[in-house]
Amino acid sequence: MGVRGLHGFVASSCPHVCTVVNFKELAERHRSQHPGGTPAVVVDAMCCLRYWYTPESWVCGGQWREYYSSLREFVSAFTAVGIKLIFFFDGMVEQSKRGEWVKRRLKNNREIAKIFHHIKSHREQPGRNMFFIPSGLAVFTRFALKALGQETLCSLQEADYEVASYGFQNNCLGILGEDTDYLIYDTCPYFSISELSLDSLDTVMLCREKLSQSLGLRLADLPLLACLLGNDVVPEGMFESFRYKCLTSYASVRESCDRRGNVILAVADHISKVLRLHQGEKKLEEMLPLGPNKALFYKGVASYLLPGQKSPWFIQKPKDVVTLDKQVLSMSSDPESKQEVPMCMDPESRQKLPVGTDPECNLEAAMCANTEVKQEDPVNMGLEAKHQVTVVSDPEILKVARAQHVRAESYLVYSVMSSGEVECSSSLEDATDQALPSQAFVYRPVRQRVYSLLLGGGGGGSSTGPAVKEWFVYSGNPLRQPDLVRPLQMNLPGGTPSLRQLWLSQEPGIQAQRLDTLLACFDLSSSREELQAVERPFQALCCLLVYLFVQVDTLCLEDLHAFIAQALCLQGKPAVELADLQLDHIDPRAVQLATLLVRGLTTLVLVNGACGSPWEMADFMPWHLFDGKLFHQKYLQSEKGYTAEVLVEQNRSHVTRFHTLKSVVCKACGKENRPIVSRRHWRPHHAGGSWPLGPALWRKLLTA
């Protein structure tokens, strides 16, 4: 993340850039300088997930109750010294950063393959050096922080810009994260999350002023340096030849620096001694070998400009960088895959940049945080701009969706409605296990019905609505282009209700209609009566289990027992007891089953939000329903044939509930012609290792 090589350079060659500070002392100083004000720290939450996830076990699907406790301790430490925290999450991936997103996901897949190889070889969890965050962690962290009373926001673009902008505009104490881009933005101080000691509240502050002085640069030169070195917008290889030329002509090579460090010094030297001579007289493309990458480079530099800021390196507005108002340019380097990206119709924006009076230097106005601005791919600079196609025609509904997105109250809904493009990162799935399909396929029919609801599909079995671009990671997907997924019509008596009805209506009976719509998204309308009779918080779990067992017919009775038993036993167990739980060994199949369930819970977040929230969000938060180690324990026990009484730890009330929940799931599956039988009855039948999916899923996948 951030500027290539800058973190290592600062650590090895500019240690004076890093200063140990104490948040309590900083807060006291802030209050003395701003009487009546509350010191605030903006947190880049995506950078902090690894720091927050302190449980020892991570491969079994997540220790969610332990994790929730860890977040509570983090919040309490800052609250105790009077510091307000504002958390930002990535809301969507910008087109210019899609390539980097794909690169990281493919790298994640290689890491996951190594994890499963280790599990199969050693029957244990790998060491922390192979740590991979549990599936759904970013999604559920938003809701955990909101439950803890924290201000939690979801960005309308990459979060780092909005984090830097918020800190800059609101006189914040600083930014807490782990991204060298925060050394480039001219914003409030940047603090390292990885160096934070929660007990003392000591951490390291990285000073961009000291960095620029060490390099012989001004603060306004840092964005130019970042793009020449390579960042998330400008690929590192784009200026490799240029950096080599800078290095060969650099006369002050340091033996104490490695090659990358000397490259940084050489490029900075070239900026200060060569480029600056012509600053204001020549355009950047006249001083640098930008070639066909000119638009992308300008965009990269401009992406660091916060509201009201200007760059001395821009002497005029590059006309081929952006197109405003009602035009959208192709985002793809493949002319065959051009799309007209729908734009937000809401005229109000959380982030607005002041437009200056100089028409030649107004690039920053074009680089605002609004989704109304789309930049072109420089490869397609010569292509004509296309007029936008609006996917959602109701501005009031889009405004509601946008507000829910910004407040981190929904998941994927606004992305579908505003851009028709969604993504889901890597999951702990075994690419060599052909008996269990990827969660991307298992829940696709649900997403298709949600797309029909959000985008307004046509009639019949397959919707005529616009296809949604899905960047979902699964085995065999090279992610060269998104999957184009068509909406799927829901089977609802009286037709699909409008979003105005589901989201805005206060009419009697609307809550029942919302629930009907939710169940229709899972194609479980016929089981409404059985599911509604289940007590909270197990309604959502049973809905998910019925759907899973109907779609994936390699799931057996022992799996159902494990899912139900762990959910029941979880109730009342404190985090410390779960932390002490020891497992005999790790089973790779159980790891993937946990992934399927947790990704199902994130799918429930999407569906519940799209349907107007018929269920309370707390009912399908994993710290109420799922614990990775506990599930793994029940799975191993169930595989050995343990009775229900043993599985639920001899708790009489749990035994009764166990049989009730089992009956609900089995009866609902029976209505779908899906009997749930013991593994010993079907193991020989499925020995071939194919993907024995339910017929309903195959039919929907083939017609997608």
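This one's a predicted model, so the numbers in the text were calculated from it and none came from an experiment. (Residues numbered from 1 in each chain as written. Predicted model: local features only at pLDDT ≥ 70, side-chain atom pairs only at ≥ 80, totals over all residues. Heavy atoms only, no water.)

## Considering the overall build of the protein chain
Stage number 1. Scanning the protein chain for helices and strands turns up 30 helices and 14 strands.
Stage number 2. Out of the 704 residues in the protein chain, the part that is buried amounts to 60%.
Stage number 3. For the protein chain, restricting intrachain contacts to residue pairs at least 6 apart in sequence, the fraction spanning at least 24 positions comes to 76%.
Stage number 4. For the protein chain, the exposed area adds up to about 28000 Å²; of that, 50% sits on carbon and sulfur atoms. (Helix = DSSP H or I, 4+ residues; strand = E, 2+ residues; numbered from the N terminus. Buried < 20%, exposed > 50% of the residue type's maximum accessible area, 1.4 Å probe, protein only. Contact = heavy atoms within 4.5 Å. Areas by Shrake-Rupley, 256 points an atom, 1.4 Å probe, with all protein chains shown as cover.)

## Concerning the packing of aromatic side chains
Stage number 1. Summed over the entire model, instances satisfying the criterion amount to 26 aromatic pairs.
Stage number 2. Ring centres 5.1 Å apart and planes at 50° place the aromatic pair Phe 74 and Phe 78 in the tilted group. On the criterion of helical spacing, the pair formed by Phe 74 and Phe 78 is a turn pair, its members being four residues apart in helix 4 (residues 64-79).
Stage number 3. What makes Phe 78 buried here is its relative accessible area of 0%. (Phe/Tyr/Trp six-rings, centres within 6.5 Å; stacked < 30°, edge-to-face > 60°.)

## Concerning the sheet that holds strand 6 (residues 190-192)
The strands that make up a sheet pair up through hydrogen bonds in the backbone, lying either parallel or antiparallel.
Stage number 1. What the seven strands build is an open sheet, ordered 1-7-6-5-2-3-4; its pairing is mixed. Because the sheet does not close on itself, it has two edges, and the strands there are strand 1 (18-22) and strand 4 (151-154). Within the sheet, the average angular offset between the axes of one strand and its neighbour, ignoring direction, is 30°.
Stage number 2. Note that strand 2 (residues 40-44) and strand 5 (residues 174-177) share three bridges and pair parallel. Bridge pairing in strand 5 links Val 42 to Ile 175.
Stage number 3. Helix 2 (residues 23-33) contacts strand 1, strand 2, strand 5, strand 6 and strand 7 (202-206) of the sheet and is inclined by roughly 75° relative to strand 1. (Pairing = 2+ DSSP bridges. Axes fitted to C-alpha atoms, helices over the stretch in contact; angles between N-to-C directions.)

## Brief notes about the pattern of salt bridges
Stage number 1. The final tally for this structure, using the stated rule, is 33 salt bridges.
Stage number 2. In this structure, the salt-bridge partner of Arg 218 is Asp 221, at a minimum N-O distance of 3.6 Å.
Stage number 3. Of the residues examined, Asp 221 reaches a relative accessible area of 0% and is grouped as buried.
Stage number 4. Notably, a salt bridge pairs Asp 483 with Arg 444, separated by 3.1 Å at the nearest N-O pair. Here Asp 483 is found in strand 14 (residues 483-485), whereas its partner Arg 444 is found in helix 18 (residues 444-455), with 39 residues between them in sequence. (Salt bridge = Lys/Arg side-chain N within 4 Å of Asp/Glu carboxyl O.)

## Structural notes on a positive patch on the surface
Stage number 1. Taken together, the side chains of Lys 103, Lys 107, Arg 110 and Lys 114 define a basic patch exposed on the protein surface.
Stage number 2. Assignment of secondary structure puts Arg 110 in helix 5 (residues 98-122). (Patch = residues over 30% accessible without salt bridge, like charges linked within 9 Å, V, L, I, M, F, W, Y side chains within 5 Å. Lys, Arg positive; Asp, Glu negative; His and termini not counted. Charge placed at Lys NZ, Arg CZ, Asp CG, Glu CD.)

## Digging into the state of the cysteines
Stage number 1. Under the defined criterion, the tally for this structure stands at zero disulfides.
Stage number 2. There is no disulfide at Cys 542, and the cysteine sulfur nearest it, in Cys 543, is 8.9 Å away.
Stage number 3. Taking relative accessible area as the criterion, Cys 542 reaches 2% and is therefore assigned buried. (Disulfide = S-S within 2.5 Å.)

## What to know about the packing of helix 25 (residues 588-610) against helix 27 (residues 628-639)
Stage number 1. The contact between helix 25 and helix 27 brings their axes to 10 Å, and the two run at 130°. With respect to helix 27, the element helix 25 is oriented oblique. In this structure, helix 25 crosses over helix 27, and the sense of that crossing is right-handed. Touching Arg 589, Ala 590, Val 591, Leu 593 and Ala 594 of helix 25 are Phe 631, His 632 and Tyr 635, all from helix 27.
Stage number 2. Of the residues belonging to the contact of helix 25 with helix 27, the class tally is six nonpolar, one polar and one charged. (Parallel < 35°, antiparallel > 145°, perpendicular 65-115°, else oblique. Left-handed = near helix turned anticlockwise from the far one by under 90°. Nonpolar A, V, L, I, M, F, W, Y, C, P; charged D, E, K, R; others polar.)

## A look at helix 10 (residues 240-248)
Stage number 1. What helix 10 keeps buried is the set Phe 242, Arg 243, Cys 246 and Leu 247. Viewed along the axis of helix 10, the buried residues span an arc of 140°, placing them on a single side of the element. Along helix 10, exposed side chains directed more than 90 degrees from the buried face belong to Glu 240, Ser 241, Lys 245 and Thr 248.
Stage number 2. The secondary structure elements touched by the buried residues of helix 10 are helix 9 (222-229) and helix 11 (259-273). (Arc of directions from axis to C-beta.)

## Things to note about the pairing of strand 5
Stage number 1. Residue alternation in strand 5 divides its side chains into two sets, Gly 174 and Leu 176 and Ile 175 and Gly 177, and both sets are buried.
Stage number 2. Strand direction decides the pairing type here: strand 5 and strand 6, joined by three bridges, are parallel. For Leu 176, the partnering residue across the bridge sits in strand 6 and is Phe 191.

## Notes on the confidence of the model for the protein chain
Close inspection of predicted coordinates is inappropriate in any region flagged by low pLDDT.
Stage number 1. Confidence in the prediction for the protein chain averages 85 pLDDT; 84% of positions are at 70 or higher.
Stage number 2. Counting contacts from residues 318-349, a segment whose pLDDT is below 50, to residues more than four positions away or on other chains yields 96 contacts.
Stage number 3. Segment residues 458-462 is flagged for pLDDT under 50; beyond a separation of four residues in sequence, or across chains, it makes 11 contacts in the model. (pLDDT = per-residue confidence, 0-100.)

## Quick look at the sheet that holds strand 12 (residues 421-424)
Stage number 1. Pairing is mixed across the open sheet formed by three strands, whose spatial order is 12-13-14. Edge strands, defined here as strands with exactly one partner in the open sheet, are strand 12 and strand 14. The average angle at which neighbouring strand axes cross in this sheet is 30°, direction not considered.
Stage number 2. Two strands pair when backbone bridges link them, and strand 13 (residues 468-472) and strand 14 are joined in this way by three bridges, in the antiparallel orientation. Across the sheet, Val 468 pairs through a bridge with Val 485, a residue of strand 14.
Stage number 3. The sheet strands contacting helix 5 are strand 12 and strand 13, and the helix crosses strand 12 at an angle near 25°.
Stage number 4. Along the sheet face, helix 18 touches strand 12, strand 13 and strand 14 and points at about 145° away from the line of strand 13.

## So, the side chain of Ser 418
Stage number 1. Tracing the chain through its elements places Ser 418 in helix 16 (residues 413-418).
Stage number 2. Of note is the side chain of Ser 418, whose polar atom sits 2.7 Å from the backbone oxygen of Tyr 414. (Polar contact = N/O pair within 3.5 Å; in protein donor to acceptor, adjacent residues only side chain to side chain.)

## A closer look at the environment of His 632
Stage number 1. In this structure, His 632 sits in helix 27.
Stage number 2. When its relative accessible area of 0% is taken as the criterion, His 632 is described as buried.
Stage number 3. Between the C-alpha atoms of His 632 and Ala 590, which are 42 residues apart in sequence, the distance is 6.3 Å.
Stage number 4. When neighbours within four sequence positions are excluded, His 632 is seen to be in contact with Cys 60, Leu 583, His 585, Ile 586, Asp 587, Ala 590 and Val 591.
Stage number 5. At 2.8 Å, the side chain of His 632 and the backbone nitrogen of Asp 587 are in polar contact.

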